[in-house]
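# Summary of structural features
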Amino acid sequence: MAPDVLFQIAEPGETRVKHACRTNAVGIDLGTTNSLVAIVDAGKPVCLTADDDDAGGADAGDAMVPSVVHYAEDGDVVVGADARDRLAPDHPRDTIASVKRFMGRGMRDAEATRRLTPYRFAPAATAADEGVVRFAVAGGRAVTPMEVSAEILKVLKRRAEAALGGPLAGAVITVPAYFDDGQRQATRDAGRLAGIEVLRLLNEPTAAALAYGLDKQAEGTFAVFDLGGGTFDISILKLEDGVFEVKATGGDSALGGDDFDRVIAESLIAGIGRTGDIEPHFVRRMLDAARALKEALTVDSEASLEVALADGDAPTRFALTRTEMEALVAPVLARCAGPVRRAIADAGTEPGTLSGVILVGGATRMPLVRSFVAEAFGREPLADIDPDQVVAMGAAVQADMLAGGASRDDVLLLDVVPLSLGLETMGGVAEKLIHRNTTVPCGARQTFTTFADKQTGFDLHVVQGERELVSECRSLARFTLTGIPPMPAGMARLEVEFTVDADGILRVSAHEEVTGRQTAIEVKPSYGLTDAEVERMILDSFANAEQDVETRLLVEQRVEADSIVAAARSAMRDSPELLTDAERDAITRAVADVEVARGGNDRHAIRAAIEELDHASKEFATRRMNRALEQGFRGRSVDKVDAELGAGKAGGR
Amino acid sequence: MLCWSCQREAGPGAFCVACGALQPANDAADAFSVLGLPARYGIDLATAEAAYKEQSRQVHPDRFATADPRARRASLARTVQLNQAWLTVKDPLRRAGYLLERAGMLIGGDDKKSAVGGGDDKRTAEVSAPPAFLLEIIELHEELRAARRAGDSVKVAFMAEEIRGRAAQSMAGIAQALDSGERAQLEKAARSFMAMRYYQRFLEEALADAGGGHGP
């Protein structure tokens, strides 16, 4: 958390200063299997394709970048088709595919997929970060899913900057609608690690509906059935007068084409009589064979291929008919039925009243999936849309709107929270604060009290899910409130405010009502990185990172310096009576120092000067705050007090 | 109140009259005033929805993605308040409960108090369910459970229909009493409101087997 105690108020979740210019904002579909980047060009969203000299071995004209990252022994990172086709078969452990499945997930989740993943997981360095998955890759490195995703994002960023002829202003990155808070945080952190200003996280089905709705001028209630490589979403949306209103969403963030590959691979492996432990090269080759057969069977009714099971072996022939494959994957596909039913019920609609069903995601190309959808909704799905590109295109439209580029003032996206948010209460019961399918941004307030004399800290455990018991929900984070004024037990009234922002990410803030004191909040994400870890990773990456990350940080530091100097000046002007002469001199000197540092290129010097100013003005700020509270701010929201004191500071998450 | 951006008088609206900057949310505003509606039960939902969407267009965070952090914060707070207000107003039962609470009626039972501002604590009166009513509800639940155990779906459907009828009657009574403006009527409305909660729970249980069904 940045030490901006000047006029304080930590605002969890707010990034420091946004300074995106009004153009060059892109949409990114960070997919399990493939990723894409799109821009709005002359009012129309278009996916950017690879140049002839594109890194990663993509064919020119190809919009999709395979979401595969290879870590070489010499420290090189290769992303894309080259990693998937050339490097993965020989370096299965150092070539991470489908990393999205691990985003915001813990080691226990990773262990569950062990038999059919070729990866090696690194043990946690400390007890504190045992929640985060780390892949042990070549060169003795251990990388988190966020870092792997950041490598994919960097390739997309380069592609966009080449096309735009300038630096990226920001990006809208899409996430499955059913992604929980931890998975969203992880995605946003990946963006930060790639040096991308994440303007918004947009739900994939909503992005698809936006692109489809604007393109076809569609009105009515639509279902978006999005079955990708690793995730499944179902959203019901009402499209009316430019308003895209999500009525309900559901899904499974661990269900997709990868699971089809896995059951097919299991069957192929059983067919050649292999049992027990299998080694990584073999796993990779069997998964690739399964995927190739599956794709061939989308068009043909029979397919076969030959695979060398190990280097030097004679190739083994695998053959499969479409009927056989469909029998294998049908039980996996059937897992979509429950979420579909529930989303339709939650939306308060009936399949018969829908205006259409939009298909998204590569897996929806399979005839079996199409007939499943037709049966579930009692109608043929719409087929006049590219299921691979529509999400990135919708994201580009949203990015353009957010950056103020397009004159689409009539468009409004109303999205929802996919899973209920709750707090752990006595007896391990989850008390729901915000129910699923509530329109975001939304909030809830809860008042707590202390249970011991002079208690100055308080722990909150936030969970997400629909079940009654905490143990059956997903742990999001533990929040520790500190700085509660010491009072007898039961006297303090801690008002905790939960806000889910437009990205679907939870922020928590708290204050003690009796004294009006803001309490500090420390966040320990259950399956992610703390802000400090993200910062450190960004710093670590400087060694071989692009210059622009450094430049960006410098610019941010300068903007912060400007705003803090302005705040200090206006405070001194407004309340001179609260200052001693010595303090005024000290603050004035500190302000001058910040300005000198700001003129230089050393952001650490600027940071140090800001901290010095914070320190010099701390007492003054406290007096101002106290007086403001006495003058009748008491009981009003922190936001307002904050605004009236003329300080717009934001801390870390 | 002075505008955070231009330091001039901002006026009563969401946007500063002088410079157009979005102003912080007023936490004290109640759900109806947030939507610019009269605080009464009988409202035109279509008008209310149009007001909700029009305001959303103006204050939604999507409009302030690259704005000053203070404007972004105001946008977030205002949109949270707006969404909460619409959630409260669009659902008839929630709307009724909110109006009762606003009028100082405390409804006995396990539901938490609403977190929305605007309710004044003066003149509070607590209303709880009459024992005779509770006894009847308990008997009905037992009857329902027996029917479900026996797999008698016709009986379950029949009971649900009966309760649905009662709920509709209660709801109509609440509507009338709430907008009458009489104190005595309010207490009647509060009792009907409480009954509605029991009916709802009953219907949830009755429809649990039907699968995919939704509330009354």
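Coordinates for the structure precede this section.
Below you will find a few notes about this structure. Computed from a prediction, not measured in an experiment: that's the story for all the values here.

## Section: the overall build of chain B
Across its full length, chain B holds 7 helices and 2 strands. Expressed as a percentage of the 216 residues in chain B, the buried residues total 43%. Considering only contacts within chain B whose residues lie at least 6 apart along the sequence, 57% involve residues at least 24 apart.

## Focus: the overall build of chain A
When helices and strands are tallied, chain A shows 16 helices and 26 strands. When burial is assessed residue by residue, chain A has 58% of its 653 residues classed as buried. Summarising the internal contacts of chain A: among those between residues at least 6 apart in sequence, 70% fall at separations of at least 24. Accessible area for chain A stands at about 25700 Å²; split by element, carbon and sulfur atoms hold 50% of it.

## Structural notes on the sheet that holds strand β21 (residues 442-448) of chain A
If you trace the 3 strands from one edge of the open sheet to the other, you get β21-β24-β25 (chain A), paired in antiparallel fashion. Pairing within the sheet leaves two strands with one partner each, and these edge strands are β21 and β25 (506-512) of chain A. Direction aside, neighbouring strands of the sheet carry axes that sit 20° apart on average. By the bridge criterion, 7 bridges tie strand β24 (residues 494-500) of chain A to β25 of chain A in an arrangement that is antiparallel. Bridged to Phe498 of chain A within β25 of chain A is Val508 of chain A. The strands that helix α3 (residues 69-90) of chain B touches are β21, β24 and β25 of chain A; relative to β21 of chain A, the one it contacts most, it runs at about 90°.

## What to know about the environment of Glu324 of chain A
Residues and elements named next belong to chain A. Checked against the element boundaries, Glu324 lands in helix α8 (residues 322-333). Between the C-alpha atoms of Glu324 and Arg341, which are 17 residues apart in sequence, the distance is 27 Å. Within the structure, Glu324 has its side chain in polar contact with the backbone nitrogen of Thr321 (distance 3.0 Å).

## Regarding the side chain of Arg101 of chain A
All names here are of chain A. Note that Arg101 resides in the loop between β7 (95-97) and α2 (107-112). What makes Arg101 buried here is its relative accessible area of 16%. Within the local environment of Arg101, its side chain forms a polar contact with the backbone oxygen of Gly230, the two atoms lying 3.5 Å apart.

## As for the side chain of Asp226 of chain A
Residues and elements named next belong to chain A. Position of Asp226 among the secondary structure elements: in strand β12 (residues 220-227). The buried charged residue Asp226 lacks any salt bridge, with Lys100 as its nearest oppositely charged partner at 7.4 Å. Once residues lying within four places of it in the same chain are set aside, the contact partners of Asp226 are Glu204, Pro205, Thr231, Phe232, Asp233, Val360 and Gly361.

## Thoughts on the nonpolar core
Looking at soluble globular proteins, one finds that nonpolar side chains tend to be buried together. Of all hydrophobic cores here, the largest spans 62 residues; its most connected members are Leu35, Leu100, Leu178 and Tyr199 of chain B. Of all the elements, helix α7 (residues 183-207) of chain B adds the most residues to this core, at 11 residues. When neighbours within four sequence positions are excluded, Leu35 of chain B is seen to be in contact with Ala51, Tyr52, Gln55, Leu82, Ala85, Trp86 and Val89 of chain B. Counting residues in each nonpolar core, the second largest holds 49 residues, with Val79, Phe121, Val137 and Ala194 of chain A among its members.

## Focus on the packing of helix α2 (residues 45-59) of chain B against α3 of chain B
All names here are of chain B. Following both chains from N to C, one finds α2 and α3 inclined at 170°, their axes separated by 10 Å at the closest point. In terms of their interaxial angle, α2 and α3 are classed as roughly antiparallel. Between α2 and α3, the contacting residues are Leu45, Ala48, Glu49, Tyr52, Gln55, Ser56 and Val59 on the first element and Ser75, Arg78, Thr79, Leu82, Asn83, Trp86, Val89 and Lys90 on the second. Of the residues contributing to the contact of α2 with α3, the split by class is 7 nonpolar, 5 polar and 3 charged.

## Quick notes on the sheet that holds strand β18 (residues 412-414) of chain A
Residue and element names in this part refer to chain A. Read from one edge of the open sheet, 5 strands run β17-β12-β13-β14-β18, paired in mixed fashion. Edge positions in the open sheet fall to β17 (356-360) and β18, since each of these has one partner strand only. Across the sheet, the axes of successive neighbouring strands diverge by a mean angle of 25°, strand direction being ignored. As paired elements, β12 and β17 share 5 bridges and run parallel to each other. Across the sheet, Asp226 pairs through a bridge with Val360, a residue of β17. Most of the contacts of helix α5 (residues 204-216) go to strand β13 (residues 232-240), to which it runs at about 40°, and overall it touches β12, β13, β14 (243-252), β17 and β18.

## What to know about the pairing of β25 of chain A
In terms of burial, β25 of chain A is a largely internal element, 6 of the 7 residues being buried. In this structure, the hairpin formed by β24 of chain A and β25 of chain A is closed by a connection of 5 residues, where Gly504 of chain A is found at a positive phi of approximately 80°.

## Things to note about unusual backbone geometry
Residues and elements named next belong to chain A. Of the consecutive residues Val440 and Pro441, the connecting peptide bond is found in the cis state with omega at -5°. Here Pro441 lies in the loop between β20 (429-434) and β21. Despite not being glycine, Ala42 shows a phi value in the positive range, around 50°. Topologically, Ala42 is positioned in the loop between β2 (34-41) and β3 (44-47).

The rules behind each value
- Residues numbered from 1 in each chain as written.
- Chains lettered and ligands numbered in written order.
- Predicted model: local features only at pLDDT ≥ 70, side-chain atom pairs only at ≥ 80, totals over all residues.
- Heavy atoms only, no water.
- Helix = DSSP H or I, 4+ residues; strand = E, 2+ residues; numbered from the N terminus.
- Buried < 20%, exposed > 50% of the residue type's maximum accessible area, 1.4 Å probe, protein only.
- Contact = heavy atoms within 4.5 Å.
- Areas by Shrake-Rupley, 256 points an atom, 1.4 Å probe, with all protein chains shown as cover.
- Pairing = 2+ DSSP bridges.
- Axes fitted to C-alpha atoms, helices over the stretch in contact; angles between N-to-C directions.
- Polar contact = N/O pair within 3.5 Å; in protein donor to acceptor, adjacent residues only side chain to side chain.
- Lys, Arg positive; Asp, Glu negative; His and termini not counted.
- Salt bridge = Lys/Arg side-chain N within 4 Å of Asp/Glu carboxyl O.
- Core = buried A, V, L, I, M, F, W, Y, C linked by side-chain atoms within 4.5 Å.
- Parallel < 35°, antiparallel > 145°, perpendicular 65-115°, else oblique.
- Nonpolar A, V, L, I, M, F, W, Y, C, P; charged D, E, K, R; others polar.

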